[in-house]
Amino acid sequence: MATPAQLGLQNATSPIMEELIAFHDHALMIIFLISSLVLYIMSLMLTTKLTHTSTMNAQEIEMIWTILPAIILIMIALPSLRILYMTDEFIKPYLTLKAIGHQWYWSYEYSDYEDLAFDSYIMPTYFLEPGEFRLLEVDNRTTLPMEADIRMLVSSHDVLHSWTVPSLGVKTDAIPGRLNQIMLASMRPGLFYGQCSEICGSNHSFMPIVLEFIYFQDFEVWASYLYIVSL
Ligand SMILES: [Cu+2]
């Protein structure tokens, strides 16, 4: 999750997010090199006389400053497209989870299980236990098995929302009348926090997402327990 004075992205828990962080660092390095070069040239322009004998007719330098940016753009575009197609890749999922945005809470449906659905509201500050996070904790956490490919279906009941979990590299718009699909997978157990990322009304900041990834066997126990409770 996010920490105070954090500069970079949140730690990755899914392979896609690992790729996204690597791509972010790659792009940042290119931006750093370009900015350094531009700053250096600007300082030269300010400190030296702006005269040069061959400035008006310099075919070679024009060739270089046209082709070089094109190569740099390709160096950014190719890995970017690679990750774009990776996020769109659908492996046979173990489980399907449907998240539906409401003003202002999320509801979840585990379509593979009978009657396994619940609403997930923000935990009011006065209900928080020591160690829990204000504005990030929910009353019903979304439990999922780790190391399993999960198909997320995201939709909305009223206005536009966006189902976002930064450490999984997932951000999907929840659009009324439309079902968006994305793959999820966590490589480790734990709690992963997210928030609605589409301005959806006055309580937009108060519909957090908490995913709890647990071991496969424990997930089955959890699902069957909820089934028994619902009977
Ligand atoms: Cu929302």
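Being a predicted model, the structure only gives us computed values, none of them experimental.

1. Concerning the side chain of S14
Next up, step 1: The topology assignment puts S14 in the segment before α1 (15–47).
Next up, step 2: Given a relative accessible area of 4%, S14 falls into the buried group.
Next up, step 3: Residue contacts for S14: discarding those within four places in its chain leaves S167, L168, G169 and A185.

2. Some thoughts on the domain arrangement of the chain
Next up, step 1: Under the domain assignment used here, the chain contains domain 1 (15–47 + 58–88) and domain 2 (95–230).
Next up, step 2: The straight-line distance from the C-alpha centre of domain 1 to that of domain 2 is 36 Å.
Next up, step 3: On the side of domain 2, 6 residues touch domain 1, which itself brings 4 residues to the contact.
Next up, step 4: Interface of domain 1 and domain 2: buried area, both sides summed, is about 350 Å²; carbon and sulfur atoms make up 63% of it.
Next up, step 5: At the junction of domain 1 with domain 2, the criterion picks out 0 salt bridges.
Next up, step 6: There are 0 residue pairs in polar contact (both at pLDDT 80 or more) connecting domain 1 and domain 2.
Next up, step 7: Residue composition of the side of domain 1 that touches domain 2, by class: 4 nonpolar, no polar and no charged.

3. Observations regarding the sheet that holds strand β2 (residues 105–110)
Next up, step 1: Taken in spatial order, the 5 strands line up as β3-β2-β1-β5-β8 in an open sheet, and their pairing is mixed. Looking at which strands have only one partner, the edges of the open sheet turn out to be β3 (117–120) and β8 (180–184). Within this sheet the neighbouring strands show an average axis-to-axis angle of 25°, counted without direction.
Next up, step 2: With 5 bridges connecting them, strand β5 (residues 150–156) and β8 associate as antiparallel partners. Counted as the bridge partner of L153 is Q181 from β8.

4. Thoughts on the sheet that holds strand β7 (residues 170–174)
Next up, step 1: The 5 strands lie next to each other as β4-β10-β9-β6-β7, forming an open sheet whose pairing is mixed. Looking at the sheet topology across the chains shown, the edges are occupied by β4 (142–145) and β7. The mean angle between the axes of side-by-side strands here comes to 25°, regardless of whether they run parallel or antiparallel.

5. Remarks on unusual backbone geometry
Across the chain, the bulk of peptide bonds are trans and the bulk of non-glycine residues have phi less than zero.
Next up, step 1: Here the bond from Q103 into W104 is cis, since omega is 0°, no more than 30 degrees from zero.
Next up, step 2: Of note, W104 is situated in the loop between β1 (95–102) and β2.
Next up, step 3: Within the chain, A5 stands out as a residue other than glycine whose phi angle is a positive 60°.
Next up, step 4: With respect to the helices and strands, A5 occurs in the segment before α1.
Next up, step 5: Look at A5 and you get exposed, because its relative accessible area is 78%.

6. Focus: the environment of I100
Next up, step 1: In this fold, I100 is placed in strand β1.
Next up, step 2: Taking the C-alpha atoms as reference, I100 lies 9.5 Å from L179; in sequence the two are 79 residues apart.
Next up, step 3: Beyond its immediate stretch of four places on either side in the chain, I100 contacts Y105, W106, S107, E109, S155, S156 and H157.

7. What to know about the coordination of the copper ion
Next up, step 1: Taken together, the protein donors to the copper ion comprise H161 (ND1), C196 (SG), C200 (SG) and M207 (SD), at separations of 2.0 to 2.7 Å.
Next up, step 2: Mapped onto the polypeptide sequence, the residues donating to the copper ion form the spacing pattern H-x34-C-x3-C-x6-M.

The rules we used
Residues numbered from 1 in each chain as written. Predicted model: local features only at pLDDT ≥ 70, side-chain atom pairs only at ≥ 80, totals over all residues. Heavy atoms only, no water. Helix = DSSP H or I, 4+ residues; strand = E, 2+ residues; numbered from the N terminus. Buried < 20%, exposed > 50% of the residue type's maximum accessible area, 1.4 Å probe, protein only. Contact = heavy atoms within 4.5 Å. Domains from an automatic or database assignment. Buried area = accessible area lost by both parts, 1.4 Å probe. Salt bridge = Lys/Arg side-chain N within 4 Å of Asp/Glu carboxyl O. Polar contact = N/O pair within 3.5 Å; in protein donor to acceptor, adjacent residues only side chain to side chain. Nonpolar A, V, L, I, M, F, W, Y, C, P; charged D, E, K, R; others polar. Pairing = 2+ DSSP bridges. Axes fitted to C-alpha atoms, helices over the stretch in contact; angles between N-to-C directions. Donors = N, O, S within 2.8 Å, 3.2 Å for Na, K, Ca; no water.

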